[in-house]
Amino acid sequence: MDLGVRWKLHGDGRTPAPGAVVRPDERLSWPRTAGLGAQHVVAMFGASFVAPVLMGLDPNLAIMMSGVATMVFLLATRGRVPSYLGCSLSFVGVAAVIRADGGSSATVTGAVFVVGGALFLVGLAVRKFGARIIHAAMPPVVTGAVVMLIGFNLAPVTASTYWPQDQWTALFVMLFTGLSVVCLRGFWSRIAIFLGLIFGYVLSWAQDRIFGQIHSADASGKVTDHWRLDLSGVGRADWIGLPDFHGPSFEWSAILVALPVVIALIAENAGHVKAVGEMTGDNLDDKLGTAISADGVGSMLSTAVGGPPNTTYSENIGVMAATRVYSTAAYWAAAGFALLFGLCPKFGAVVAAVPGGVLGGITVILYGMIGLLGAQIWLNAEVDLRNPLNLVPAAAGIIIGVGNVSMEFTDTFSLSGIALGTVVVITGYHALRAFAPAHLKTQEPLLDEGTSSYDPGGSEEGQRAKS
């Protein structure tokens, strides 16, 4: 069985020839491959470490399980889809909602475990029936609206939790991160979040030395005098050791809040597969279902031991585009480095010590970018928001999600925010479409963002399933 773990040496193993690319089944020399793997780890550092901190989970376990999830993904896709799986930012909002309702870390990981299982089943369905079913159930207007409300639902977290801890640091970090994203080029712009973390870290340390303690809300919300950067946990942490593991706990209220994120993950995976296919010149539509299922399995493995969910990372797509090296050997090297970092508790303690004001500046940009990805899906799919069939369910769902509107069905069961907004968008669109006049349904169906092409018979896997 070909598991995609054998690579041909590309040229002399040093650099690609002018205009050439290193394909997924090729590699450069092992030292260069290891260097590229380290670069991939650095590229995903910023977001992949911010996410578990924002979710209240162990960053050491997050980086370790990202390596495990990446290995699972590469094996499942037989080395055809180069990808690094890091902690998904799509779940930050639902984690905040679950914790606000009194949920523990186990409750958060239990809810996300179920989402991973649902994503795995969606991948199986795509393998059997082809990419068309994604559009049938979740056309771009629905997908874009759900991604948008998930991102913008996070605004109160920044406004009430992180920004008040140190407003001036938050402002300077926001400005620095924004300038890094816009003004830097190539690889450096891809790690702008990571650079923002470093800048905020140094700025907070300098302010403590110059101005002393700050009088503001701390991480618990209590207004008191405290240091901006508390490194006491770093000194107590060991250099080598295992991260903290815990099992998931399953509660229906938390699961219902988390399930809508499945839609965002499908869009992320579809976009990744299309981007990689276009860069390598391979039609990877037949691997879309496998990629989605592998993503789900990776998240289930991580959350089963107390880690965060994982998904494909656009930062690493940028590294591939910049280097023109698509070798999956580099991703195996990156996964190996991630496992090693996960075994260093002191490294995780440094990440966990990121000041709240720094997170405030970063999340202003990060959360907004997540929300605006929904608008990008609309633009790519040419969704016509002048059509009331598109406008009404999207508008209603977004306001419900962003405003955290709640609806109580019984004394023990209610839906609110992300969950209720998603239900309104999906059911509202399909219900209105069933009763809408013909002239409102004339827009030609478009592929969901990320699926490059399909024929009436579906994907190659779908064809095999039918034969």
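Residues numbered from 1 in each chain as written. Predicted model: local features only at pLDDT ≥ 70, side-chain atom pairs only at ≥ 80, totals over all residues. Heavy atoms only, no water.

The protein has the name Solute carrier family 23 protein in an unreviewed UniProt entry, where Streptomyces erythrogriseus is given as its organism. Database annotation for the protein, UniProt heading Sequence similarities (unreviewed entry): "Belongs to the nucleobase:cation symporter-2 (NCS2) (TC 2.A.40) family." Taken verbatim from the UniProt record of the protein, the Subcellular location (unreviewed entry) comment is "Membrane". (UniProt positions renumbered as here; feature names shortened; annotations may be inferred.)

Engineer: Account for the overall build of the protein, naming residues and giving values.
Structural biologist: Tallying secondary structure elements over the protein gives 21 helices and eight strands in all. Within the protein, buried positions represent 53% of all 467 residues. Pairs at least 24 apart in sequence give 79% of the contacts found in the protein among residues at least 6 apart. For the protein, the computed accessible surface area is about 19900 Å², with 65% contributed by carbon and sulfur atoms. (Helix = DSSP H or I, 4+ residues; strand = E, 2+ residues; numbered from the N terminus. Buried < 20%, exposed > 50% of the residue type's maximum accessible area, 1.4 Å probe, protein only. Contact = heavy atoms within 4.5 Å. Areas by Shrake-Rupley, 256 points an atom, 1.4 Å probe, with all protein chains shown as cover.)

Engineer: If you had to explain the packing of helix α6 (residues 140–152) against helix α20 (residues 417–435) to someone new, which residues and values would you point to?
Structural biologist: The contact between α6 and α20 brings their axes to 10 Å, and the two run at 165°. Comparing their axes, α20 and α6 come out roughly antiparallel. Between α6 and α20 lies a crossing of right-handed hand. Contacts from V141, V142, A145, V146, L149 and I150 of α6 reach α20 at I418, G421, T422, V425, I426 and Y429. Its residues assigned to classes, the contact of α6 with α20 comprises 10 nonpolar, two polar and no charged. (Axes fitted to C-alpha atoms, helices over the stretch in contact; angles between N-to-C directions. Parallel < 35°, antiparallel > 145°, perpendicular 65-115°, else oblique. Left-handed = near helix turned anticlockwise from the far one by under 90°. Nonpolar A, V, L, I, M, F, W, Y, C, P; charged D, E, K, R; others polar.)

Engineer: Could you give an account of the environment of V81, with specific residues and numbers?
Structural biologist: Its place among the elements puts V81 in the loop between α2 (59–76) and β3 (85–87). Apart from residues lying up to four places away in sequence, V81 is in contact with F73, L74, H272, L284 and K287.

Engineer: I'd like to hear about the pattern of salt bridges, residue by residue, with values.
Structural biologist: The tally for this structure, following the rule as stated, stands at five salt bridges. The shortest N-O distance in the salt bridge between R80 and D286 comes to 2.9 Å. Here R80 is found in the loop between α2 and β3, whereas its partner D286 is found in the loop between α13 (261–280) and α14 (288–304), with 206 residues between them in sequence. By relative accessible area, R80 is classed as partly exposed at 30%. For D384, the salt bridge identified is with R386, shortest N-O distance 3.0 Å. One network of salt bridges, with partners in common, ties together D166, D208 and R228. (Salt bridge = Lys/Arg side-chain N within 4 Å of Asp/Glu carboxyl O.)

Engineer: Lay out the packing of α2 against α14 in plain terms, naming residues and giving numbers.
Structural biologist: Between α2 and α14, whose axes approach to 9 Å, the crossing angle comes to 150°. Classified by the interaxial angle, the pair formed by α2 and α14 is roughly antiparallel. Two packed elements cross with a definite hand, and for α2 against α14 that hand is right-handed. Of the residues in α14, those touching α2 at M65, A69, V72, F73 and A76 are T290, A291, A294, D295, V297, G298, L301 and S302. Looking at the contact of α2 with α14 residue by residue, the class counts come to nine nonpolar, three polar and one charged.

Engineer: Go over the nonpolar core, please, and point to the residues and values.
Structural biologist: Within the largest apolar cluster, 92 residues are counted, with the highest numbers of intra-cluster contacts made by M55, F91, V92, L288, Y367 and W378. When residues in this core are grouped by element, the largest group, 10 residues, is from α13. (Core = buried A, V, L, I, M, F, W, Y, C linked by side-chain atoms within 4.5 Å.)

Engineer: Outline the packing of aromatic side chains, listing residues and values.
Structural biologist: The geometry of an aromatic ring pair is captured by two quantities: the separation of the ring centres and the angle between the planes. For the structure shown, the criterion picks out three aromatic pairs. Both rings, one in W7 and one in W30, keep their centres 5.9 Å apart while their planes meet at 85°; by these two values the pair is edge-to-face. Taken together, the positions of W7 in the segment before β1 (8–9) and W30 in helix α1 (residues 30–55) put the pair 23 residues apart, joining distant regions of the chain. The class of W30 is partly exposed, set by a relative accessible area of 45%. Here F113 and F250 contribute two aromatic rings whose centre-to-centre distance is 5.9 Å and whose plane-to-plane angle is 70°, an arrangement assigned as edge-to-face. One end of the pair, F113, is in helix α4 (residues 105–129); the other, F250, is in the loop between α11 (232–236) and α12 (252–258), with 137 residues separating them in the sequence. Overall, F250 belongs to the partly exposed group, its relative accessible area being 46%. The ring of W227 carries R209 above its face, with NZ or CZ at 5.9 Å from the centroid. The aromatic ring of W239 is capped on one face by K346, whose charged end is 5.2 Å from the ring centroid. (Phe/Tyr/Trp six-rings, centres within 6.5 Å; stacked < 30°, edge-to-face > 60°. Lys NZ or Arg CZ within 6 Å of the ring centre and 35° of its normal.)

Engineer: Let's hear about the side chain of T107: which residues, and what values?
Structural biologist: Relative to the helices and strands, T107 resides in helix α4. In this structure T107 touches I98, S249, E251 and A254, once residues within four positions along its chain are discounted.

Engineer: Which residues make up α4, and what values go with them?
Structural biologist: Spanning 25 residues, α4 covers 36 Å between terminal C-alpha atoms, matching the ideal 36 Å at 1.5 Å per step. Taken from the residues just after α4, G130 is the one with a positive phi, measuring 95°. (Expected span 1.5 Å × (residues − 1).)

Engineer: Which residues make up helix α10 (residues 192–211), and what values do they have?
Structural biologist: Two residues of an α-helix separated by three or four positions point the same way, owing to the 3.6 residues in each turn. Compared with an ideal rise of 1.5 Å per residue, which puts 20 residues at 28 Å, α10 spans 27 Å between its outermost C-alpha atoms and is within 8% of the ideal. Turning to α10, its buried residues are A192, I193, L195, G196, L197, G200, Y201, L203, S204, Q207 and D208. Downstream of α10 by a residue or two, G212 has a phi angle that is positive, lying close to 80°.

Engineer: Explain a nonpolar patch on the surface to me, using residue names and the numbers behind them.
Structural biologist: On the surface, a cluster of nonpolar side chains totalling about 400 Å² of accessible area is made up of L242, F245, L340 and L343. Looking at L340, the relative accessible area reads 57%, which means it is exposed. (Patch = residues over 30% accessible without salt bridge, like charges linked within 9 Å, V, L, I, M, F, W, Y side chains within 5 Å.)

Engineer: Which residues make up the environment of A34, and what values go with them?
Structural biologist: Mapped onto the elements of the fold, A34 is located in helix α1. Judged by relative accessible area, which is 28%, A34 ranks as partly exposed. Between the C-alpha atoms of A34 and A333, which are 299 residues apart in sequence, the distance is 5.5 Å. Filtering out sequence-adjacent residues up to four positions away, A34 remains in contact with A333 and F337.

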